[in-house]
Amino acid sequence: MICGSFFILTYYQSQGTSVGKSINAAGKNRYLTSNSLFQTEKFLDGSSNMLTLKTAMNNLEANIESLTYGGAISGANIKSLPPDFSGYLNNVMRDFSAYKALIQDKIIGRSQGVQVDTPQPILLLKQDLEATASNLVRSSDILVTALGSYADNNSQNLIILQIFLGVLNIGILILILYLVTRILRPISVLTQATREIKKGNLSYHVEKKSNDELGELTDSFNSMINSIRSYIEEQRRLSEELKTANEEIQQRERMKDEFINIAAHEMRTPVQPILGLSELLKSKRRGNKVAMTDREEDELLDMIISNAKRLLLLEENILDVSRLENKLLKLNKEECDLVEIISTAVQDAENQIDKNKVEMGYKSTELKTLLVYADRAKLAQVVSNLLNNAIKVTKAGSIRIYLEKVDNQAIVSVEDTGPGIDPSVEAKLFLKFVTNSSSGTGLGLFISKSIVETHGGKIWAFNNTSDKGATFAFSLPLLESRHGT
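Values in this document were obtained by computation on a predicted structure and should not be read as measured data.

S.K.: How do you make sense of unusual backbone geometry when you look at a structure like this?
M.R.: In terms of backbone geometry, most residues other than glycine have negative phi values and most peptide bonds are trans. The phi torsion at aspartate 407 lies on the positive side, around 50°, for a residue other than glycine. Position of aspartate 407 relative to the elements: it lies in the loop between strand S6 (397-406) and strand S7 (409-416). Judged by relative accessible area, which is 68%, aspartate 407 ranks as exposed. Even without a glycine there, the phi angle at asparagine 408 is positive, about 60°. Following the sequence through the fold, asparagine 408 ends up in the loop between S6 and S7.

So this is what it looks like as structure tokens:
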């Protein structure tokens, strides 16, 4: 636009210059006409020659032709005048032709022997020449005036055009600056966002300002940031999960090592009495001076059997854990009476306590029978596990077993007066190998939970409100609810 404005202004300026040259040339007609008239009068007076007169006439004619057709004159290149001035030029050419014809006919032709009109007195000829020359001067002055007016209008138009083009160029520059600013601002914002991302600020968000290509670029940039953020968060989450899994593996390894130690100790505990009592029984039956009574033999055998059962229970627990982990535990479900199962478990448990220090009581809320559909052996194992845990932690006090029927659910509770549940293991109490006892494997509660949940029930534990002991309980659906009766 600036270059176009420059060329337009140059063109109009050249037009103005050309018109100025034409004005000079038209104004020069007055001088050349006066000069030719002066040379003509001198020629008529005999003080000048024909060559000088012809030169003056040729100069005047050349000047008029330059105005009409354009050309170089007096070192200036004149362009032909616009068509608007053709009328003025015709008048000049007409007056010049009359002036030239008068000189040609009355002076130049006569001097060269050409037959001319009847000679007139010199005075009348000079008057005719002056009148004709005056007409030429007047028509040239009119042309000069018209050209001057045209030049003034052209100058004013040029000024207006300069102002218009100047304002237009300034407006375009402002528009360009606005567009450049509009383009660069989002780019600057994106550049700033890139620096923030480089610093690690992934929460940075670029606001979308338009729906054009830059708006799409902004959306793409925000999408890229969200993808990076999601990827990093996912990596962080996976790292946390991996860290947690690693800690769990380490915890399981520690628990496994502890379990091996505890299991070895638990196995040694019943094995040693079995061996010792067996050797004692053998030695007394063979050659002892004091014979054993049947009652003493029965007591030794009962102790051997009790420890053998304890060893068998540990073995069953270990096998059950393996079956549960491999999902191979099978249940032989049948109609069972919970009252009978609990009574039998309580009788077995009473043989393991010091009745002088621990009191064991069973309350079934006067229920004579309570039927469930379950694996009798596994259900007895759950009750025995809960009772054994209570016996281990209750050195003195009481152990109470409750059986209730609530909303088609059988609820069994074992309440002890031991030290209660350690807060460090409370959240993971029913997990494998979890125990805070020095004489437990941490398998009983895990197996009990799995068995109860396999039967469609729930198991839980809590510290008693009396701040003494804890309660372990589980629920099972009753047989009548299962049959919809």
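S.K.: Teacher, can you tell me more about the confidence of the model for the protein here?
M.R.: Detailed reading of the predicted model is not advised wherever pLDDT is low. When pLDDT is averaged along the protein, the result is 79, and 80% of the positions lie at 70 or above. Confidence over residues 113-118 falls short of pLDDT 50; this stretch has five contacts with residues more than four positions distant or in other chains.

S.K.: Help me out: how do you make sense of the packing of helix H8 (residues 376-393) against helix H10 (residues 444-454) in this one?
M.R.: When two helices pack together, their arrangement is given by the angle between the helix axes and the distance between those axes. Running from N to C, H8 and H10 point in directions that differ by 145°, and their axes come no closer than 9 Å. Considering how the two elements wind past one another, H8 and H10 form a crossing that is left-handed. Only Gly444, Leu445, Ile447, Ser448, Ile451 and Val452 of H10 make contact with H8, whose side of the interface consists of Lys378, Gln381, Val382, Asn385, Leu386 and Asn389. For the contact of H8 with H10, the per-class residue count stands at six nonpolar, five polar and one charged.

S.K.: Explain H8 here, please?
M.R.: Spacing of three or four residues puts side chains on the same side of an α-helix, whose turn is 3.6 residues. Its 18 residues place the ends of H8 26 Å apart at the C-alpha level, agreeing with the 26 Å of an ideal helix rising 1.5 Å per residue. Turning to H8, its buried residues number three or more, namely Lys378, Leu379, Gln381, Val382, Val383, Asn385, Leu386, Leu387, Asn388, Ala390 and Ile391. You can read the cap of H8 off the contacts: a side-chain oxygen lies 3.1 Å from the backbone nitrogen of alanine 377, and it is on aspartate 375.

S.K.: Just checking my understanding: could you explain the environment of phenylalanine 446 for this structure?
M.R.: Within the element layout of this structure, phenylalanine 446 appears in helix H10. Taking the C-alpha atoms as reference points, phenylalanine 446 and asparagine 317, 129 residues apart in sequence, are found 9.7 Å from one another.

S.K.: Just checking my understanding: could you explain the pattern of salt bridges for this structure?
M.R.: When the charged atoms of two side chains lie near each other, side chains of opposite charge can form a pair. Taken as a whole, this structure holds eight salt bridges when the rule is applied. Note that aspartate 95 is salt-bridged to arginine 94, the shortest N-O span being 3.4 Å. Sharing partners across several salt bridges, the network here consists of Glu234, Arg237 and Glu241.

S.K.: Help me understand the sheet that holds strand S9 (residues 470-477) in this model?
M.R.: One key point about sheets: their strands pair by backbone hydrogen bonds, in either a parallel or an antiparallel sense. Pairing in this open sheet of five strands is mixed, and the strands run S4-S6-S7-S9-S8 from one edge to the other. Either end of the sheet is taken by a strand with one partner, and the two such strands are strand S4 (358-363) and strand S8 (458-463). Between one strand axis and the next, the sheet turns by 15° as a mean value, whatever way the strands run. Sheet topology places S7 next to S9; seven bridges connect them, and they run antiparallel. What sits directly across from valine 414, in S9, is phenylalanine 472. Strand contacts of H8: S4, S6, S7 and S9, with the helix running at about 175° to S9, the strand carrying the most contacts.

S.K.: Any chance you could explain a nonpolar patch on the surface here in plain terms?
M.R.: There is a patch of nonpolar side chains on the surface, built from Ile2, Leu173, Leu175, Ile176, Tyr178, Leu179, Val180, Ile183, Leu184 and Ile187 and spanning about 880 Å² of accessible area. Here the nonpolar patch gets nine residues from one element, more than from any other, and that element is helix H4 (residues 122-199). The residue leucine 184 is located in helix H4 in this model. Relative accessible area serves as the criterion here: at 46%, leucine 184 is assigned to the partly exposed category.

S.K.: How should I be thinking about the environment of threonine 55 in this particular structure?
M.R.: Its place among the elements puts threonine 55 in helix H2 (residues 50-69). In this structure threonine 55 comes out as partly exposed when scored by relative accessible area, which is 37%. C-alpha of threonine 55 to C-alpha of serine 36: the two residues are 19 residues apart in sequence and 8.5 Å apart in space.

S.K.: Can you walk me through the environment of tyrosine 99 in this structure?
M.R.: Here tyrosine 99 lies in helix H3 (residues 86-111). Considered as a pair, tyrosine 99 and serine 134 are 35 residues apart in the sequence and their alpha carbons are 9.5 Å apart. With residues up to four places along the chain from it excluded, the contact list for tyrosine 99 reads Thr33, Ser36, Leu37, Thr40, Met57, Leu60, Leu129, Thr132, Ala133 and Leu136.

S.K.: Can you walk me through H10 in this structure?
M.R.: Burial within H10 is extensive, with eight of its eleven residues counted as buried. Within H10, the full set of buried residues consists of Gly444, Leu445, Phe446, Ile447, Ser448, Ser450, Ile451 and Val452. Once H10 ends, the next one or two residues include glycine 456, with phi positive near 85°.

S.K.: Would you mind showing me how to read the side chain of serine 450 here?
M.R.: In this fold, serine 450 is placed in helix H10. The exposure class of serine 450 is buried, given its relative accessible area of 17%. A distance of 3.0 Å separates the side chain of serine 450 from the backbone oxygen of phenylalanine 446, its partner in a polar contact.

S.K.: Explain the pairing of S7 to me, please; I cannot follow it from the model alone.
M.R.: Side chains on a regular strand alternate between the two faces of the sheet. Counting buried positions along S7 gives six out of eight residues, so the element sits mostly inside the fold. Between S6 and S7, which pair antiparallel in sequence order, lie two residues; one of them, aspartate 407, sits at a positive phi of approximately 50°.

S.K.: Help me understand the packing of helix H7 (residues 338-350) against H8 in this model?
M.R.: In the contact formed by H7 and H8, the axes pass within 9 Å of each other and the chain directions differ by 40°. The orientation of H7 with respect to H8, classified from their angle, is oblique. Crossing of H7 against H8: the hand is right-handed. Counted together, Leu338, Glu340, Ile341, Ile342, Ala345, Val346 and Ala349 of H7 and Arg376, Leu379, Ala380, Val383, Ser384, Leu387 and Ile391 of H8 form the full contact between these two elements.

What counts and how
Residues numbered from 1 in each chain as written. Predicted model: local features only at pLDDT ≥ 70, side-chain atom pairs only at ≥ 80, totals over all residues. Heavy atoms only, no water. Helix = DSSP H or I, 4+ residues; strand = E, 2+ residues; numbered from the N terminus. Buried < 20%, exposed > 50% of the residue type's maximum accessible area, 1.4 Å probe, protein only. pLDDT = per-residue confidence, 0-100. Contact = heavy atoms within 4.5 Å. Axes fitted to C-alpha atoms, helices over the stretch in contact; angles between N-to-C directions. Left-handed = near helix turned anticlockwise from the far one by under 90°. Nonpolar A, V, L, I, M, F, W, Y, C, P; charged D, E, K, R; others polar. Expected span 1.5 Å × (residues − 1). Polar contact = N/O pair within 3.5 Å; in protein donor to acceptor, adjacent residues only side chain to side chain. Salt bridge = Lys/Arg side-chain N within 4 Å of Asp/Glu carboxyl O. Pairing = 2+ DSSP bridges. Patch = residues over 30% accessible without salt bridge, like charges linked within 9 Å, V, L, I, M, F, W, Y side chains within 5 Å. Areas by Shrake-Rupley, 256 points an atom, 1.4 Å probe, with all protein chains shown as cover. Parallel < 35°, antiparallel > 145°, perpendicular 65-115°, else oblique.

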